[in-house]
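# Residue-level structural notes
Here are the chains, one letter per residue:
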Amino acid sequence: MARMFRILIFIAAFFTCSFSAYGVDRISPPEFETGYQMPVTTTGPPRADIYEYIDVVVLLLTLLLAAYFALKLRSRKCLFVLMLFSLAYFGFWRKGCVCSIGALQNIALALFEPDYALPISVLLFLLLPLVSTLFFGRIFCSAICPIGAIQDLVLLKPVSVPSWLESPLRLFAWLYLSLAILLAATGSAFIICRYDPFIAFFRVSGNINMLITGGCFLIVAIFIGRPYCRFLCPYGVILGQLSRLTKWHVTITPDKCVKCRLCEDSCPFGAIQKPTFQWPRRDYNKDKKRLALLLGLLPIMIISLALLAQTTSGWMSQAHPRVKLATEVFLHETTNVKETTDPVLAFRSTGEDPQQLYAQALHIRSQFKTGTFILGAFLGLVIALKLITHALRVPISDYQTEKAACLSCARCFEYCPYEHARLKNKLTSGDDK
Amino acid sequence: MAKDKNSLNRRQFFKNSLHIGCLSVLAGLATMLFGKTVKSELVWQIDPNKCISCGNCANHCVLEISAVKCVHAYAMCGYCDLCTGFLESSPKTLDSGAENELCPTGALIRTFVEDPFYQYTIDEPLCIGCAKCVKGCNAFGNGSLFLQVRHDRCTNCNECSIATACPSGAFKRVPATNPYLLKDVRNS
C-alpha cells in the first residue's frame, strides 16, 4: 500500500516537473536522516605526461643506435636485436600508437585546422625520423618502426618481385599518402590509423576483419619482403625521397666494388642496382625521342589526372562527418523517411538550424573540390616523373643500393667479400693487441 | 679529367643544396607548428550533455570490453525506489531481480540506505557501456547516470573508433590534466 502511494506520488511529480528543462532535478535530492555518506565518483587517471617524453627520448636513442649499428658497426645482428626491442616497445608496449606514420595526419590537420591542438610528442615523432633519414638513410625503417619490424620478423622465404611490377606497385604508396593527407587536412578521417593492418596484433585485441587483414599481410610478408613498407607506407614514400639526399648512406661494400656479383640476389626488397654498360649509339637516339615525348606528356598527365580526381570530390566529401550528417538531415527534411536515424535525432535535439549545416557542408565540399584537384595533379606529376626516370639512362658503375628503396637492413653486407675481409682484419688486428 | 671532376662537384653541390633545403623546410615546419603545440597529452572524453545514449560506445571500442563505462553523479541522484535507470519500463516488482533490471550485465547495484531511499552504484568491471541505464535515467530521472571514457582502460587512439561512430558528436579531446567531463549539480 505504501509502495503504491509512493508510485502515485512519483507519477504526479513527474507530470508536474516534465515541463521543465530535460534531465534536471525532476526528483529533488534527498535529505538523509541517518549518517549516510554519499560515495565519490571515481576517476581513473590517464597515463602521466612524463611517459610521452620518455617515448620521444627512446625514439631518439634508438635512432642514434640504429645509425651506429648500420653505418659504423655494419652489423645485421645488432640491428636485428634493436628491431626486436623496437617491436616490443613501440609495438606491443605502446600498442603501436602514436606512430610516425600516423603523425603525418596530425601534422596535416594542424596545418589546415586553426584550432587543432597538436601534442608536441607527435610533432617530434614525425620530425626525428625525417631528420635522421637526411643524415643516415632509412634506418628508421630497418630497426625502429614496429610495423616494419613485425613484417621483417616473418620474412622467411624471400621471393623477388619482378622490376616491371615493383615500380607500379610503389605508386599505391603515393596514392595512399595523398589520400591520407587530403582526408586528414579536411578533418574527415585518419585513414592510416583506421586501416593499419597490424594494430590488432599490437593491441592483442580487435574485430575479426582487422585480425584477418593483418594475418593476410603477415602471410604475404613471409614471401614478399615488407609489403606494407614498400607498396603502401605513406611515410616511407617521404623517407625514400629524403634518403636520396642522405649524407651517409649504407653501402654494400665497405671498400670498393669489384663487380663480383655475389650480392646481386641478396636484397629481399629489390633495392640493389646492377652496374650498367655502355649503350650503343642507336638506342641513345631512340631514348632521346622517348624522353622528349614523356616531357611533353607531363603537363597533360597533370591536368588530366587533376580533372579526373576532381570528379570524385562529391562522394569523397561524404567521408567528412558533417557532410554525411548534412546529407542525412536533408534527406529527412525533404522526403518522407520511415525511420529517423540516430544522427538525425541527435542533430534535431541540438536545435541547430539545418541551413547552417548545409552551408557548412557545402563549404567542406568546395574544400574537397580543390583538394582532389591538387591530389590528382600531384599524382599525375608523380606518375610522369616515374616514367621519365625510367626513360633516363643513368650509368651506374658499381653494385649499389637504390637509395629510395634501401631500408638499411644490412642483409647484403655478408654477401660482400670485402666485408668478410674487413671482419677478418678486425679480428686479426684485435688479436695482435 | 678536369671536366669529370667538375661534373661531380656540380652534382654534389646540387645534392648538398637540396639537403640543406630539406633541413630548412623541416625546421620551418617545426617552428610553424610549434606555436600550435600543447605540452599536455590530449585524451578522449564524452560530453554528457551531447550524448543521446545510442549504445554505440559498447560496440565500437577497439578493446574487447569498451573503455567507456557508466558513471554516477551521486549528488544529482534522487535515490528513488522506482529508479528508471535501474528498473526496466514495466517491472514485476521494485527489487533487484534480474528480470526487473535494465542493465544487461547487472553492473548497477541497488542497496537500501534508509526509507524510502536506495543507493545505486556501478560495479565497473561488469559495466559494458551500453547506455541503457543512462537512457532510462535521462528520460524520467535526474540524469545522474552518464557515460565517460575511463582513462585507466582507454588506449588513447589517434582516431577514436567510438568518436567516429558517435551520432551526436559527443566525443572531444580534452587535456590529460583534466580528463573527465563529469556532470555536476551546478552545470547540469
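Note: the structure precedes this text.
My aim in this report is to walk through the structure given alongside it, one point at a time. What you see is a predicted model, and the numbers here were worked out from it, not measured in a lab. (Residues numbered from 1 in each chain as written. Chains lettered and ligands numbered in written order. Predicted model: local features only at pLDDT ≥ 70, side-chain atom pairs only at ≥ 80, totals over all residues. Heavy atoms only, no water.)

The number of helices and strands found in chain B is four helices and seven strands. Its helices and strands taken in sequence order, chain B reads α-β-β-α-β-β-β-α-β-α-β from the N to the C terminus. Here the C-alpha radius of gyration of chain B, 27 Å, is well above what a compact globule of 188 residues would show, namely 16 Å. Expressed along its principal axes, the backbone C-alpha trace of chain B runs to roughly 100 × 30 × 25 Å. Of all 188 residues assigned to chain B, the portion counted as buried reaches 52%. For chain B, contacts bridging at least 24 residues in sequence account for 72% of all contacts bridging at least 6. If you sum the accessible surface of chain B, you get close to 9200 Å²; carbon and sulfur atoms cover 58% of it. Taken as two groups, the 19 positive and 16 negative side-chain charges of chain B have centres that lie 22 Å from each other. (Helix = DSSP H or I, 4+ residues; strand = E, 2+ residues; numbered from the N terminus. Rg over C-alpha atoms; globule rule 2.2 N^0.38 Å. Buried < 20%, exposed > 50% of the residue type's maximum accessible area, 1.4 Å probe, protein only. Contact = heavy atoms within 4.5 Å. Areas by Shrake-Rupley, 256 points an atom, 1.4 Å probe, with all protein chains shown as cover. Lys, Arg positive; Asp, Glu negative; His and termini not counted. Charge placed at Lys NZ, Arg CZ, Asp CG, Glu CD.)

This part takes up the interface of chain A and chain B. Counting residues at the interface gives 69 residues for chain A and 69 residues for chain B. Approximately 5800 Å² of surface area, both sides summed, lies buried where chain A meets chain B, with 63% of it carried by carbon and sulfur atoms. Where chain A meets chain B, there are one salt bridge. Arg194 of chain A is paired through a salt bridge with Glu159 of chain B; the nearest N and O atoms lie 3.0 Å apart. The interface formed by chain A and chain B holds 21 residue pairs in polar contact (both at pLDDT 80 or more) in total. If you list the elements that add at least two residues to the side of chain A that touches chain B, you get α1 (2–17), α2 (50–73), α4 (100–112), β1 (118–119), α5 (120–136), α9 (191–194) and α17 (342–350) of chain A. Considering each element in turn, the side of chain A that touches chain B owes the most residues, seven residues, to α5 of chain A. Grouping the constituent residues of the side of chain A that touches chain B by class yields 39 nonpolar, 13 polar and 17 charged. Judged from the two bridges that link them, β1 of chain A and strand β1 (residues 37–38) of chain B form a sheet pairing that is parallel. Considered in β1 of chain B, the bridge of Leu118 of chain A is made with Thr37 of chain B. (Buried area = accessible area lost by both parts, 1.4 Å probe. Salt bridge = Lys/Arg side-chain N within 4 Å of Asp/Glu carboxyl O. Polar contact = N/O pair within 3.5 Å; in protein donor to acceptor, adjacent residues only side chain to side chain. Nonpolar A, V, L, I, M, F, W, Y, C, P; charged D, E, K, R; others polar. Pairing = 2+ DSSP bridges.)

Another point: the state of the cysteines. Summed over the entire model, instances satisfying the criterion amount to zero disulfides over all chains. Sulfur of Cys22 of chain B: no disulfide; nearest cysteine sulfur belongs to Cys141 of chain A and is 16 Å away. Not engaged in a disulfide, the cysteine Cys137 of chain B finds its nearest cysteine sulfur in Cys83 of chain B; these two sulfurs lie 6.2 Å apart. (Disulfide = S-S within 2.5 Å.)

Attention now moves to the environment of Ile224 of chain A. Among the structural elements, Ile224 of chain A can be located in the loop between α11 (208–223) and α12 (227–231). Remark: the alpha-carbon pair of Ile224 of chain A and Gly270 of chain A, spanning 46 residues in sequence, is separated by 10 Å.

For the rest of this paragraph, the subject is empty space enclosed by the protein. Over the atoms, a rolling probe the size of a water molecule traces out where space has been left empty. All names here are of chain B. Enumeration according to the criterion identifies eight cavities of 30 Å³ or more in this entry. Considering only enclosed or pocket space, the largest cavity measures out at about 130 Å³ in volume. Taken together, 18 residues make up the lining of the largest cavity; nearest its centre are Gly78, Cys80, Cys83, Gly141 and Asn142. When grouped by side-chain class, the residues that make up the lining of the largest cavity number eleven nonpolar, seven polar and no charged. (1 Å grid on protein atoms, 1.4 Å probe; cavity = no way out; pocket = protein on both sides within 12 Å on 5 of 7 lines; lining within 4 Å. Points joined across faces, edges and corners; volume = space filled by probe spheres on them.)

It is worth spelling out the side chain of Arg411 of chain A at this point. Structurally, the position occupied by Arg411 of chain A is in the loop between β3 (400–401) and α19 (417–432). If sequence neighbours within four positions are ignored, Arg411 of chain A has contacts with Arg76, Asp152, Leu155, Pro268 and Phe269 of chain A.

Residues and elements named next belong to chain B. Locating Arg110 in the fold gives a position in strand β4 (residues 108–114). Look at Arg110 and you get buried, because its relative accessible area is 12%. Separated by 27 residues in sequence, Arg110 and Cys83 have C-alpha atoms that sit 9.6 Å apart. In this structure, Arg110 is in contact with Cys80, Asp81, Phe86, Leu94, Asp95, Tyr118, Gln119 and Tyr120, ignoring residues within four places of it in sequence. Engagement of the side chain of Arg110 in a polar contact is seen with the backbone oxygen of Asp81, the distance being 2.7 Å. Separated by 2.8 Å, the side chains of Arg110 and Tyr120 make a polar contact.

Another aspect to go through is the pairing of strand β6 (residues 145–149) of chain B. Residue and element names in this part refer to chain B. The buried fraction of β6 amounts to five of the five residues, a majority that puts the element mostly inside the structure. Relative to β6, strand β3 (residues 68–72) is paired through five bridges, and the arrangement is antiparallel. Across the sheet, residue Val68 finds its bridge partner in β6, namely Val149.

Let us now look at a nonpolar patch on the surface. A contiguous nonpolar surface patch, about 370 Å² in accessible area, is contributed by Ile50, Tyr51, Tyr53 and Ile54 of chain A. With respect to the helices and strands, Tyr51 of chain A occurs in helix α2. (Patch = residues over 30% accessible without salt bridge, like charges linked within 9 Å, V, L, I, M, F, W, Y side chains within 5 Å.)

Moving on, we come to the packing of aromatic side chains. Counting across every chain of the model gives 20 aromatic pairs over all chains. Each ring, one from Phe32 of chain A and one from Tyr36 of chain A, has its centre 4.5 Å from the other, and the planes form 55°; the classification is tilted. A relative accessible area of 21% means that Phe32 of chain A is categorised as partly exposed. Between Phe32 of chain A and Tyr79 of chain B, the aromatic rings sit 4.9 Å apart at their centres with planes inclined by 80°, giving edge-to-face as the arrangement. Here Tyr79 of chain B lies in the loop between β3 and β4 and Phe32 of chain A lies in the loop between α1 and α2, a pairing that spans two chains. An aromatic cluster is present here, built from Phe32 and Tyr36 of chain A together with Tyr79 and Phe117 of chain B joined pairwise through their rings. (Phe/Tyr/Trp six-rings, centres within 6.5 Å; stacked < 30°, edge-to-face > 60°.)

By themselves, these figures tell us nothing about what the structure is for.
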